[in-house]
Amino acid sequence: MSSASPRVLVLAGCGISADRELAEAFRLAGAAPERVHLFDLLEDPGMLSAFRILALPGGFSFGDHLGAGKVLARLLASRLRKEMDAFVEGGSLILGVGNGFQALVKMGILPNLSGDLAPEVSLIHNGHGLFENRWVPIRANPANHSPWIRGLDRLLFPVRHGEGRFVAGSPETAEGLLRENRIAFFYDGVNPDGSEMDVAGITDRSGRVLGMMPHPEGFLFPWNHPRWTRGGVPSVAAGRTIFENAVAHLRSANRCV
Amino acid sequence: MRIEISCGKLSLDGRGARIARQIASSMGPVVESAAVLDVLIVDGIRGFGGDLAREIFLDPVAERIHVDESGAAEVLPDWNLLVEVSYRAGVMNPEAATAREVIFRALDREPDAGGLVQSARQYAFILRGDPGERAEKIAGALHNPLIERAQIITRSGWEKGRRFPAFYPHRVAESPPGVESIVLEGLSDGELEQLSRIRLLSLSLEEMTAIRGYYREAGAERRKKGLPQGPTDVELEMLAQTWSEHCKHKIFAARIDYAEGDRRETIDSLFATYIKRTTETLAKKRGDLKSVFHDNSGVVDFDGDHVVCIKAETHNSPSALDPYGGAITGIVGVNRDILGTGIGAMPIFNTDLLCLGEPSTPEEEIPRGLFHPLRVLAEAHRGVVDGANQSGVPVVAGGLLFDGSFVGKPLVFCGTAGILPARVNGRNSWEKRIEAGDLAVMAGGRIGKDGIHGATFSSAALDETSPTSAVQIGDPITQKKLADFLLEARDRDLYKGITDNGAGGLSSSLGEMAQTSGGVRIRLDLCPLKYPGLAPWEILVSESQERMSLSVAPEKIGEFLDLARRRGVEATVVGEFTDTGFVEILHGDELVGSLTLRFLHHGLPTMRLRARWEAPSRPAGDPRGMEPKEALLALLADPNIASRELLVRRFDHEVQAGSVVKPFSGARDDGPTDGGVFRPRFDSDRGLTITHGICPRMSDIDTYDMAVMAVDEAYRAHIALGGDPDLASALDNFCWPDPVQSPETPDGEYKLAQLVRACRGLRDACLAYNLPLISGKDSMKNDARIGGKKVSVKPTLLVTVMGIIPHCGEALTTDFKNPGAPVFLLGASPGALGGSCYERVLGRTLGPGPKADPGAAAAMYRKFHQAVQAGLVSSCHDVSDGGLAVALAECCLGGRFGLKADLKGLGAGDGDSGITGLLFGEAPSRLVVEVKPGKQEAFEKIMAGSPFHRLGPVTSGDLLVIRRGEAEILRAGLDEIERAWKSFAKELVP
C-alpha cells in the first residue's frame, strides 16, 4: 500500500446514493478510493483494516425507513463495532456526510463523550418537517483541532436533508460538546433545520471521526457553486479541502511513524 | 405486539408542526398542537420481543417507544383526536418491508414469509374545541381511501374504551383460480364488445374479430398442443395488453383520412409520416444518433466514449386516483426505462412536469372520487420527491402548469436521462442480445395483484368504476438496490439483454424480448409472488413495480444469481428464450397459452380514422383594462409564472455532484433559470442541457402553432443556456383527449385533426432546428367522465430537449450581472396577445396568437451561439410566459439590479394596445441578452441580419423602468416584483 495514496473504503449499496462523488472527492485529493457494498463489508468486517479512511456517504440507506440512518447504524454496530473502534484507535479516519453522519450518531461513535458508545445526540426531522436542498454558509470551529478541518474558516456547502436537525440529548451533552470543542462546523447565519447551537458537524474525542450534514463532496468543481456564473468563485472548489486535509494528515502521520 | 414511537417531546416534532400547518392552510387555525407517531405491529415472529424492538427501532436520544401502550398519552397528554392511517391489504408498504428485513437480520435468520409486520402512522391532535365533524375532514386530508384506511378515535371514544386494532386486515392465502378457456365462436358483435368491456380488455370489435379469426385458423395446431379451440384467459389478456393503445400506439399508427376545407389527404401513420421520417431526414447529417425509437429510450453520442439516453413518460390515470402513488411509480418507472436501455444505462437526472386544474377551483366542482388540484399537486409532488430523492437521482428541470381542462385528468410527466460507456464488454452498449437458449430472468420485486390492467386502463376514460387495482405504490429502495446490482452485473458481463417491466408486466417485457430471439417459453409457476392466490393470467400481466427482465446465458446464470443474492436482490429464472416463433406459456406442466409472435405483434388491424379541420373563430377582445404595472405584478403572481422555489427545494437537485445550472440562479439563489445544465462525467467538462416546451393554451387557436411553439420554447431555452444549436435532440410526449369519433366523443374528427396539425408543426419546427426526435410517448385518452360531465384535457404536447453544451464554463443564467451593461432583445415582437398569460389574467380572449418563423429563428439562434462562444454574453433569459415585461423583471430580480429599457422602434402598433402587446405578448423565438460591458459592437456585428433591439443598460438601482421614447410605460421596484413573484408558493407549501 502506497502511503502517498491512502486507501479509502467508500460505503455503497442499500440506498446510499452519494458514493460516486464522495469517491471522486478522495481521488481528487490524491487518495485511492474503492466503493464497497455494505453487505460485502458486513460479511468480511476484517477488510476494514486494509484501509486508512472509512467514508459513509449521503443518501437514503434503507429508504430512511424507521428513521434516517437507523438501520445502517444498527447493522454496522452489530457486525463492525470492534473493527471500527480498532480502526480509529490505530490512527485511521472516518467521515460521515448526511446519511453517513446520521448513522455515526445513531451508533454512538459520535460524539461519544462518555466513551461507552451510547448514543448521546441525534439528527431528527427538520423543524419545518420537510426535505430541503439549498446552499448554506457554515464556519469551522477554530478551537476544534480535527485533522479534517484544519485551516478551514467560512464555507458555503449544500444541505440536502429532511432529518438533519441536531439535538443534544441533554444539557450535559451540550455542555460537554462545547467544553471539549467537539463541534466542527456551525451554520453561519442561516440555520436550515432548527439544529441546536447551530451545529452542522461534530467530531469524536480524537478528531479523527467527523460527521457533518452539509455536503462537501457536492462542491468539487467551481460550477457546482450556485452563483458561479456571477464570477468570484475560486477555480479550486472549497469542498476539496476537507479531503485534502485527510490525505495530508495521513501522509504526515506515516512520516512520523 | 403494537409498538408506537413518538418524539421525546413535542417541540422536537417537526412532522407534527408541518401537519398542523397543512391543516391550517385548508381549514383555518383549528389545530393547537399535533404530534406524529410511527406505529409498528409485529406478530408471530419467534424470538422478537419488547427488548429487541427497543434495540432496533428506538432512537433513545430523541424518541420514546411505547410497547402495547399509548404513545400519544405521553407526548400529547391532552389530545382530543387521534387518527391512524394504514395501508389497505395488498398495497405495497416499503416501510414494513424494511422493518421485516431488519428484524430477521437482528435475529440472524433468513427472512421467511411467516409472521406479521405492519406499519401505520398515527396523528395526535389537540383541536380547539370538540372535534365533531372536523375529525372526518382532518382524517380525509391525511389519507387516500383508495389505498389507505383511517381510524378515528376521539377523547370521548377513548374514554369509552375504543382502541386501535391489534392488527390490520391483511391478505390471507387464497387458493388460486385456474385457467379459463373463453369461447368466441358464436358470439354476436355486441357480445364480443361486451366481453371486451367486462374483462377490461379495451379491445375494439374489429380487434376482437381479428382475434377470433386467428383462433379459427390455428385450430389444428392448437388441438395438437392440447389447447382449447378458443383463447385461454392467459392468451386473451396477453393480447389485450400487447395491443393496448398504451403499448401499440394504435392512433399514431392509424390510417387517417384528413379533410381541411376542400382538401383531402390520406395519412398512413402519423408516427411514420411526421416523427420517424423527420428523424430519418435529420439523421443523414447527424452522426450522433445511436439508437432511436425502438428501445426504452433514445440514445445519442455524448463525447465519443460515452452515450447518453433520455425518456419521458406520463402517469396520468393512476395519478388522478392516487396522486402520490401515481407520481412515485411514474418517476421510478421511467428510471427503469433508462436501466433497460441498451445493455443498461445509469440514471443521471430526472425531470418532472405537472399539468393541473386551476388552484382556485371551488371544492364543490371537483368530481366525486377525484382530488382538488392543490391536493393533487401536494401529493404528486411528494411522490416525485420520495421517488427521486430515495433513488439518488437529482431532479434538475421541470414545471408546473395550471389550466381548468386538467381538473379531470392531471398530466404527470416524468423523465429520466442516463449515461453508459459507448462500449461495454467489447460491444456497442446500445445493443442488446437475446438468443435462443438464453434464460429469461426476472429481477427485483415480487408479483402481486397491484397494477393489473394498468395498460388497458390508461387506454380508457376515467369513470367511477375505474379499477382500483390499477393503482400501485412504488418502493424506491427496492429499485435502488436493483439498479446498483444491475450496473455491477452489467460490468461483469453477467447478462446479455435487459428491458423493464412496465405496462403489461411480463407479458410485454418478455413478449418484446422474444422478438429478437424468435420466441419465448414463460413458466408462470416459477414467478415469485407477494402472496398466493393470483390467477395465471394475473401473474403474466401484473404491473407490480421494481422489476426488470433479462436474458442470461446459461453458463452465467450461477454467477448472476449469486451476485443478486449478495446484493439483497431477488432474481428468478422464469423461462427461456427460443426460436420457435411462438410465445408459449406454461403453468407447471400444463401449457396454458401459445401465440405466434407474428400475430401477437403484427396481427393488430390498422385503425382507420377520419379527421376534419376547421379553424376555430376567436373573438378579438379589447386588451385594455389593466395598467402595465398592475398587469406585470398580476402576471408575476399568476400560478403559471410565479416562483415554485418552495416546491423545488424539496427535490435533491444536486446529488451526483453534476449540477452546473441549478433550478435557481442569481445573487440570492432565487431567480429562475431556463432549464438545467448537468455535467455527467467528472473527467470531462462537456455538459448536457435539459429544457422543456409546453403551450396547451395555444391549442384553442391552432395545434400547429401550439406544436411549433412548444418545440421553439424547449429549443430556445437550450440556446439560452449556451447549448450547441446542432447537438440537441428532443422527446415528444403527446397527451390528447380521445380523438376517435364516437357517441361519447362527437367532436373526435376535430380532435384528430388537431393531432394531425400538431404533428405537422412538430415536424416543421424540428426540421428547421436540426432537432431529431429520439423517443416519445403518447397518451390518447385524457378524458374524465364523472357525474355525467365530461372533462377533456387541452391537446398538449410536451417537448423535452436534451443537448450538448461544449464546455460547462460557457453556461448562461438569467440574472443580470453588470450594472451599465447593455441589454438586448433578440427576435421580432409582433405583439399578438392570443393564447398569452395576459389573456388569462385579464379574463378574456384577445384574438389570434403569434406565429413562429422557425427558419428565421434558427439563423438567429446560430448567431447568438457564436456570440456566446466568443465570450460576449453574460446572461440570457428566454421570453416565454408573461412576455417581455415578465422576462425583464425576472432578470432584474435574479441579479438584484435594475434596468432602464426603451422600447422605441420595436415592432407592433401604436397606442395602448400596441404597448400591451409589446410588454405582454408571447411571440416565440425571443431572447433577452445581457452583453458584457464593452462588447456591444462585436455583439451587434455577429447578430447583424437578425432582428435585435438594444433595450438599455442594467442599473445598480432596484427599479425596472420601461419607456417608449419620452413616455414612461412602467416602473416597478424589485421589492414589489419579489413580493408578487413569491406570493403563490406560500399557499402551496404550508
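Residues numbered from 1 in each chain as written. Chains lettered and ligands numbered in written order. Predicted model: local features only at pLDDT ≥ 70, side-chain atom pairs only at ≥ 80, totals over all residues.

### Quick notes on the overall build of chain A
Here is step 1: Looking only at helices and strands, chain A features 6 helices and 11 strands.
Here is step 2: Dimensions of chain A along its principal axes, counting C-alpha atoms only, are 45 × 40 × 35 Å.
Here is step 3: Scored against the burial criterion, the 257 residues of chain A give a buried share of 63%.
Here is step 4: Sequence-distant contacts in chain A: of pairs separated by 6 or more residues, those separated by 24 or more amount to 74%. (Helix = DSSP H or I, 4+ residues; strand = E, 2+ residues; numbered from the N terminus. Buried ≥ 20, exposed ≤ 12 C-beta atoms within 10 Å, placed from the backbone. Contact = placed C-beta atoms within 7 Å.)

### Let's talk about the overall build of chain B
Here is step 1: Helix and strand content of chain B: 33 helices and 41 strands.
Here is step 2: Taken over the C-alpha trace, chain B has a radius of gyration of 29 Å; the compact-globule value for 990 residues is 30 Å, and the two agree within 12%.
Here is step 3: With the principal axes as the frame, chain B shows a C-alpha extent of 85 × 75 × 60 Å.
Here is step 4: The buried share among the 990 residues of chain B stands at 59%.
Here is step 5: Looking at chain B alone, contacts between residues at least 24 apart form 82% of all its contacts between residues at least 6 apart. (Rg over C-alpha atoms; globule rule 2.2 N^0.38 Å.)

### Some thoughts on the nonpolar core
Here is step 1: Residues Ala 55 of chain A together with Ala 124, Leu 636, Val 711, Leu 888 and Ala 889 of chain B are the most contacted members of the largest nonpolar core, which totals 397 residues.
Here is step 2: Of all the elements, helix α25 (residues 703-720) of chain B adds the most residues to this core, at 12 residues.
Here is step 3: Once residues lying within four places of it in the same chain are set aside, the contact partners of Leu 888 of chain B are Leu 899, Ala 901, Val 928 and Leu 960 of chain B. (Core = buried A, V, L, I, M, F, W, Y, C linked by C-beta atoms within 7 Å.)

### With respect to the packing of helix α23 (residues 628-637) of chain B against helix α32 (residues 974-981) of chain B
All names here are of chain B.
Here is step 1: The contact between α23 and α32 brings their axes to 7 Å, and the two run at 40°. Of the possible angle classes, the one that applies to α23 and α32 is oblique. Residues Leu 633, Leu 636 and Ala 637 of α23 lie in contact with α32, whose contacting residues are Glu 976, Ile 977, Ala 980 and Trp 981.
Here is step 2: Partitioning the contact of α23 with α32 into residue classes produces 6 nonpolar, no polar and 1 charged. (Axes fitted to C-alpha atoms, helices over the stretch in contact; angles between N-to-C directions. Parallel < 35°, antiparallel > 145°, perpendicular 65-115°, else oblique. Nonpolar A, V, L, I, M, F, W, Y, C, P; charged D, E, K, R; others polar.)

### A short note on the interface of chain B and chain A
Here is step 1: Facing 51 residues of chain B, the contacting portion of chain A comprises 51 residues.
Here is step 2: At the level of elements, α1 (14-27), α2 (50-57), α4 (94-107), α16 (373-391), α18 (476-491) and β25 (659-661) of chain B are the ones that each hand at least two residues to the side of chain B that touches chain A.
Here is step 3: The element best represented in the side of chain B that touches chain A is α4 of chain B, accounting for 6 residues.
Here is step 4: Looking at the side of chain B that touches chain A residue by residue, the class counts come to 22 nonpolar, 11 polar and 18 charged.

### What to know about the environment of Arg 336 of chain B
All names here are of chain B.
Here is step 1: Mapped onto the secondary structure, Arg 336 falls in helix α15 (residues 323-339).
Here is step 2: Residues Arg 336 and Met 346, spaced 10 residues apart in sequence, show a C-alpha to C-alpha distance of 9.6 Å.
Here is step 3: Ignoring any residue separated from it by four or fewer positions in sequence, one finds Arg 336 in contact with Asp 500, Gly 502 and Met 548.

### Details of the domain arrangement of chain B
Here is step 1: Domain parsing of chain B yields domain 1 (2-159) and domain 2 (616-626 + 812-990).
Here is step 2: For domain 1 of chain B versus domain 2 of chain B, the distance between C-alpha centres works out to 51 Å. (Domains from an automatic or database assignment.)

### Quick word on the packing of helix α13 (residues 270-283) of chain B against helix α26 (residues 748-768) of chain B
Residue and element names in this part refer to chain B.
Here is step 1: In the contact formed by α13 and α26, the axes pass within 10 Å of each other and the chain directions differ by 0°. It follows that α13 is roughly parallel to α26 by the angle criterion. The residues of α26 that touch α13, namely those facing Leu 270, Tyr 274, Thr 278, Thr 281 and Leu 282, are Leu 755, Val 756, Cys 759, Arg 760, Leu 762, Arg 763, Cys 766 and Leu 767.
Here is step 2: Of the residues contributing to the contact of α13 with α26, the split by class is 9 nonpolar, 2 polar and 2 charged.

### Concerning helix α31 (residues 936-943) of chain B
Residues and elements named next belong to chain B.
Here is step 1: Taken as a whole, α31 has its buried residues at Phe 939, Ile 942 and Met 943. Projected down its long axis, α31 carries its buried residues within an arc of 95°, all on one side. For α31, exposure combined with an orientation more than 90 degrees from the buried face picks out Glu 937 and Lys 941.
Here is step 2: Of the surrounding secondary structure, the elements contacted by the buried residues of α31 are β35 (822-826), α28 (854-869), β38 (927-931) and β39 (948-955). (Arc of directions from axis to C-beta.)

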